[in-house]
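# Fold and contact review
Residues per chain, in single letters:
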Amino acid sequence: MPVASRQMTREQLLNRINQVSFAVNEMTLFLDSHPDNEEALAYMEEKSALRREALEEYARRFGPLTIDTANDTCSRSFEWVSQPWPWEPMRKGGSR
């Protein structure tokens, strides 16, 4: 199910990012030794798309986690540095 189609909490979204990131990392290792495996390549592309979508959703709602999602659509003033780190609890107002 696409991330945007349901409202996840910050923690749920981080867990989703971790899950699909793990799958992408594992497929990268598998494809190193099985580069012609079409099924694995398709799985990798699917999980990579889900990871990208989840990272973009997180960036829109809570601030960027990666440099890839720290673009002009998120912020122009580097205010993301005042947001809580992913391991910190959210505080009222969204600042540290």
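See the structure shown above.
Residues numbered from 1 in each chain as written. Predicted model: local features only at pLDDT ≥ 70, side-chain atom pairs only at ≥ 80, totals over all residues. Heavy atoms only, no water.

### Comments concerning the pattern of salt bridges
What counts here: By definition here, a salt bridge exists when the distance from a side-chain nitrogen of Lys or Arg to a carboxyl oxygen of Asp or Glu is within 4 Å. Relative accessibility thresholds used throughout: buried, under 20% of the residue-type maximum; exposed, over 50%; partly exposed, between the two (1.4 Å probe, protein chains only). Helix and strand definitions follow DSSP, with helices as H or I runs of at least four residues and strands as E runs of at least two, each counted in order from the N terminus.
Taken as a whole and assessed by the stated rule, the structure comprises three salt bridges. Between Lys47 and Glu46 there is a salt bridge; the shortest N-O distance is 3.8 Å. With relative accessibility at 15%, the residue Lys47 sits in the buried group. Put simply, Arg61 and Glu57 hold a salt bridge, and the shortest N to O gap is 3.8 Å. Within this pair, Arg61 and its partner Glu57 are both found in helix H2 (residues 38-62), separated by four residues, close to a single helical turn. Ionic contacts of the salt-bridge type, sharing partners, join the residues Glu57, Arg60 and Arg61 into one network.

### As for the packing of helix H1 (residues 10-33) against H2
Axis angle and axis distance: for two packed helices, these are the angle between their axes and the distance between the axes, and together they describe the pair. Test applied: Note on geometry: axes are lines fitted to C-alpha atoms, helical ones only across the stretch in contact, with angles between N-to-C directions running from 0 to 180 degrees. Roughly parallel refers to an angle under 35 degrees, roughly antiparallel to one over 145, roughly perpendicular to one between 65 and 115, and oblique to any angle outside these ranges. Here is the rule for handedness: rotate from the far helix to the near one, and if that takes an anticlockwise turn smaller than a right angle the crossing is left-handed, while a clockwise turn gives right-handed. When residue character is reported, Ala, Val, Leu, Ile, Met, Phe, Trp, Tyr, Cys and Pro are called nonpolar, Asp, Glu, Lys and Arg charged, and the others, Gly included, polar.
Where H1 meets H2, the axes come as close as 9 Å, and the angle between the chain directions of the two elements is 150°. The pairing of H1 with H2 is recorded here as roughly antiparallel in orientation. Between H1 and H2 lies a crossing of left-handed hand. Class assignment of the residues belonging to the contact of H1 with H2 gives a composition of 18 nonpolar, three polar and six charged.

### Comments concerning H2
Defined as follows: Residue count minus one, scaled by 1.5 Å, sets the expected span of a helix. Here, residues are in contact when the closest pair of their heavy atoms is within 4.5 Å. What qualifies as a polar contact is a pair of N or O atoms within 3.5 Å, subject to a donor-acceptor requirement within protein and to the restriction that residues adjacent in sequence count only when both atoms come from side chains.
For H2, which comprises 25 residues, the first-to-last C-alpha distance of 36 Å matches the rise-based estimate of 36 Å (1.5 Å per residue) to within 8%. Of all the residues in H2, the buried ones are Ala40, Met44, Lys47, Leu50, Ala54, Leu55, Glu57, Tyr58, Ala59 and Phe62. For H2, the secondary structure elements touched by its buried residues are H1. Where H2 begins, one side-chain oxygen reaches toward the backbone nitrogen of Glu39, 3.1 Å away; that side chain belongs to Asn37. In the stretch just after H2, Gly63 is the one whose phi turns positive, near 105°.

### Thoughts on the nonpolar core
Rule in force here: Nonpolar cores were defined as sets of buried Ala, Val, Leu, Ile, Met, Phe, Trp, Tyr and Cys residues, with membership established by side-chain atoms within 4.5 Å.
Residues Met8, Leu13, Leu14, Ile17, Ala54, Leu55, Tyr58 and Phe62 constitute the largest nonpolar core, which totals eight residues. Of all the elements in the fold, those that place two or more residues in this core are H1 and H2. Element by element, the count of residues in this core is highest for H2, at four residues. In contact with Leu55, other than residues within four places in its own chain, are Ile17, Leu65, Thr66 and Thr69.

Any link to function would need more than the numbers given here.
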